[in-house]
Amino acid sequence: MSKKNLIIIQDVLLKAIKKAGFDVKIGDIHIDKTKMIEHGHFASNVAMFLAGKTGKRPREVAEKVIESLDQSIFEKVTVAGPGFINFWLEQKCYTTECQFLADDLNDYLYGSLGGPSKKTMVIDTSHPNVAKPMGVHHLLSTIIGDSIKKIYKRAGYEVINDNYLGDWGTQFGKLIYAIRTWGVMSAIEKNPIPELLNLYVKFHDEAEKDPGLDDFGRLEFKKLEEGDRENRKLWKFIVEKSMDEFNRIYKRLNVEFDVINGESFYEDKMPAILKYGRDEKIFVDGEKGAWIVMPKDPNDPPAVIKKADGATLYITRDLARIQYWEKTWSPDLMVNVVDVAQEFYFNQLFDVADRLKLTGAQNVHVKFGRMQFKDARMSTRKGNIILLEELLDEAEERAYKLAQEKGLNLSDDEVKELSRIMGIGAVKYNILSQSRTTNITFDWDRMLTFEGNSVPYLMYTVTRAKSVLHKSGFDMKDISRFDLEAATEAETKILIQLMMYPDTLNRAAEEFKPNHIANYLYQLSQEFNTFYNGNPILKAESEDLKKSRLLMTACVIRIMDDGFSLLGISVPDRM
Ligand code: ARG
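Residues numbered from 1 in each chain as written. Predicted model: local features only at pLDDT ≥ 70, side-chain atom pairs only at ≥ 80, totals over all residues. Heavy atoms only, no water.

Caption draft 1: Broad picture of the site of the ligand. As a structural note, the neighbourhood of the ligand is formed by D124, H127, N129, H138, Y164, Y314, D318, R321, N336, V338, Q342 and F346. In this structure, a nitrogen atom belonging to the ligand sits 3.0 Å away from a main-chain N or O atom of H127. In the model, a nitrogen atom of the ligand is placed 2.8 Å from a nitrogen or oxygen of the Y314 side chain. Ranked by residues supplied to the shell around the ligand, first place goes to helix α13 (residues 314–329) with 3 residues. A per-class count over the shell around the ligand returns 4 nonpolar, 5 polar and 3 charged. (Near = heavy atom within 4 Å. Polar contact = N/O pair within 3.5 Å; in protein donor to acceptor, adjacent residues only side chain to side chain. Helix = DSSP H or I, 4+ residues; strand = E, 2+ residues; numbered from the N terminus. Nonpolar A, V, L, I, M, F, W, Y, C, P; charged D, E, K, R; others polar.)

Structural data, given as structure tokens:
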């Protein structure tokens with residue numbers, strides 16, 4: 001099996017470093033592309049790292065390493081700036097890299113990712129609350145979570161995606177009471193979620209006037225928990241109706257779950273965890289017979305595991321979930337993709353889970369910020385409820401207009417299909433191309449345009465590349481045997497960018513940040529367009545040059561397709 005050049009560079013660097021009398025682990029040798037190609041194709045800061053450890057001057061270390069370096073794969077190696085080692089690769093290295101990549105992308109990516117032993121990750125995404133419309137934060141969790149799942153699968157993990165629905169808790173007692181008291185079944189049947197939401201709001205309004213209502217709500221929930229037939233039936237009906245709505249959105253987003261174990265799934269699994277925590281003396285007595293876990297930091301409130309009236313809580317179910325995940329999949333990683341508003345809660349949960357020694361897995365709260373709407377109409381929506389289906393409709397309508405304006409050579413049916421792909425893709429890409437740790441801006445004008453970091457721009461780039469390849473009449477198998485002819489600067493930049501893909505994937509996985517992939521694809525598109533606008537492919541000066549450019553184009557397509565698939569975005573066949 002061939003080796004990727006970045007790995008080869010790492011290997012020769014490691015040898016040189018040892019030969020020069022220094023010591024380093026392979027994992028500490030990082031190779032990145034340079035900011036400007038005039039300074040080299042790739043650069044390593046390893047000399048600065050070694051200087052830091054040995055107290056020597058970085059440039060001196062770099063020079064020593066270069067003296068011991070096997071330079072057969074390089075055109076040139078220099079010391080730059082404060083002590084970077086900069087490399088120019090020989091043209092033949094790019095040829096082997098592209099042939100490898102075009103030949104078998106799976107094989108190409110294997111080795112830099114995952115490693116031989118299969119690891120498992122369970123990931124909790126989407127988790128909307130039953131009887132309420134899916135919120136914007138649930139949309140973020142669904143889309144970011146789906147991409148993280150795909151990235152980890154690509155990295156060789158076994159991934160189980162679990163939709164932890166909010167389908168249990170005292171609010172269902174209130175809702176049942178409200179349905180019985182004020183509800184009209186036929187109206188609920190017709191328009192379930194808005195009607196249920198109204199009833200829930202009504203309960204709260206009425207309970208403000210008459211606090212006694214809360215007791216009725218609690219009573220109905222208690223009956224539900226104890227298996228009361230009528231209450232169970234009503235609850236099931238609510239869950240089913242909600243699921244129908246959620247499924248419509250999931251279908252449009254093209255996301256799937258491996259399991260849907262909502263909070264109610266843990267109802268019969270809580271007694272075991274309660275007993276265990278009590279036996280271990282971690283659940284101690286709180287006020288009036290409640291069970292609590294004392295906080296690590298005395299300034300924090302304790303975690304309440306069981307209320308004075310015996311009711312369980314959100315955290316009780318989450319603890320049972322962790323225990324169940326451990327028992328069922330014994331994963332290496334347990335991930336919850338949830339809004340930053342629950343940060344404190346997750347710290348508390350993980351702390352309690354740790355003390356109970358529920359799992360050896362790494363627990364990760366992948367948090368994301370708020371969505372901020374540029375569109376005043378959306379940001380001032382009453383109750384901050386944006387109907388997600390309307391948002392998706394609008395995205396598709398806007399994409400339709402955009403496609404028409406662009407004057408693409410497509411039939412009306414094709415434009416419709418394209419606007420569906422482009423509209424949904426734009427919503428996803430807008431979320432995934434921004435760093436999830438800050439607030440996420442939602443701006444129609446920036447999302448749906450053929451310029452800049454947007455889905456239409458990226459899709460246009462890749463479909464254009466595909467059409468060139470298609471017109472050439474060659475297929476992948478022929479192309480993977482072509483050689484690269486002396487590359488222009490624009491081509492070399494593409495080749496460098498291509499080689500950074502495995503690293504980008506790794507980073508996206510390690511940091512749980514799909515935006516690394518999105519931004520990578522944007523850069524690759526820019527490099528490709530610069531090249532495309534200045535260099536003929538099918539009408540290249542010679543047959544060899546044509547083949548060379550086709551090989552490179554094929555590699556760009558492979559990587560663009562792969563990147564898009566990791567973001568969960570479909571690509572149209574043509575535009
Ligand atoms: N359903 C909850 C909500 O909407 C989010 C659940 C997050 N996941 C968890 N394991 N607690 O607030």
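Now that the structure is up, let's keep going.
Caption draft 2: Quick look at the packing of aromatic side chains. Throughout the structure, instances matching the rule amount to 26 aromatic pairs. When the ring of Y152 is compared with that of F512, the centres are 5.5 Å apart and the planes differ by 20 degrees; the resulting orientation is stacked. Placement of Y152 in helix α6 (residues 136–154) and of F512 in the loop between α22 (501–511) and α23 (515–534) is noted, with a sequence separation of 360 residues between them. Taking relative accessible area as the criterion, Y152 reaches 6% and is therefore assigned buried. Considering the side-chain rings of F346 and F350, the 5.7 Å spacing of their centres and the 55 degrees angle between planes classify their relative orientation as tilted. Of this pair, F346 and F350 both sit in helix α14 (residues 343–355), 4 residues apart, which is roughly one turn of that helix. F350 matches F346 in its accessibility class, with the two residues each being buried. By the ring-pair criterion, three or more aromatic residues cluster together here, those being Y164, F265, Y266, Y324 and W329. (Phe/Tyr/Trp six-rings, centres within 6.5 Å; stacked < 30°, edge-to-face > 60°. Buried < 20%, exposed > 50% of the residue type's maximum accessible area, 1.4 Å probe, protein only.)

Caption draft 3: How the structure looks around the packing of helix α17 (residues 412–432) against helix α19 (residues 455–472). Taken N-terminus to C-terminus, the directions of α17 and α19 make an angle of 120 degrees; their axes are 9 Å apart at the nearest point. Considered as vectors, α17 and α19 are oriented oblique to each other. Residue-level inspection shows I421, M422, G425, A426 and Y429 of α17 in contact with α19, the latter providing V455, P456, L458 and M459. Looking at side-chain class alone, the contact of α17 with α19 contains 8 nonpolar, 1 polar and no charged residues. (Axes fitted to C-alpha atoms, helices over the stretch in contact; angles between N-to-C directions. Parallel < 35°, antiparallel > 145°, perpendicular 65-115°, else oblique. Contact = heavy atoms within 4.5 Å.)

Caption draft 4: Main features of the sheet that holds strand β6 (residues 158–162). Sheet architecture is open: 4 strands sit in the order β6-β5-β10-β11, paired in parallel fashion. In this open sheet, the two strands that pair with only one neighbour each are β6 and β11 (362–366). When the angles between neighbouring strand axes are averaged without regard to direction, this sheet yields 20 degrees. In terms of strand pairing, strand β5 (residues 120–124) meets strand β10 (residues 333–337) through 4 bridges, oriented parallel. In the strand pairing of β10, M121 is matched with L333. (Pairing = 2+ DSSP bridges.)

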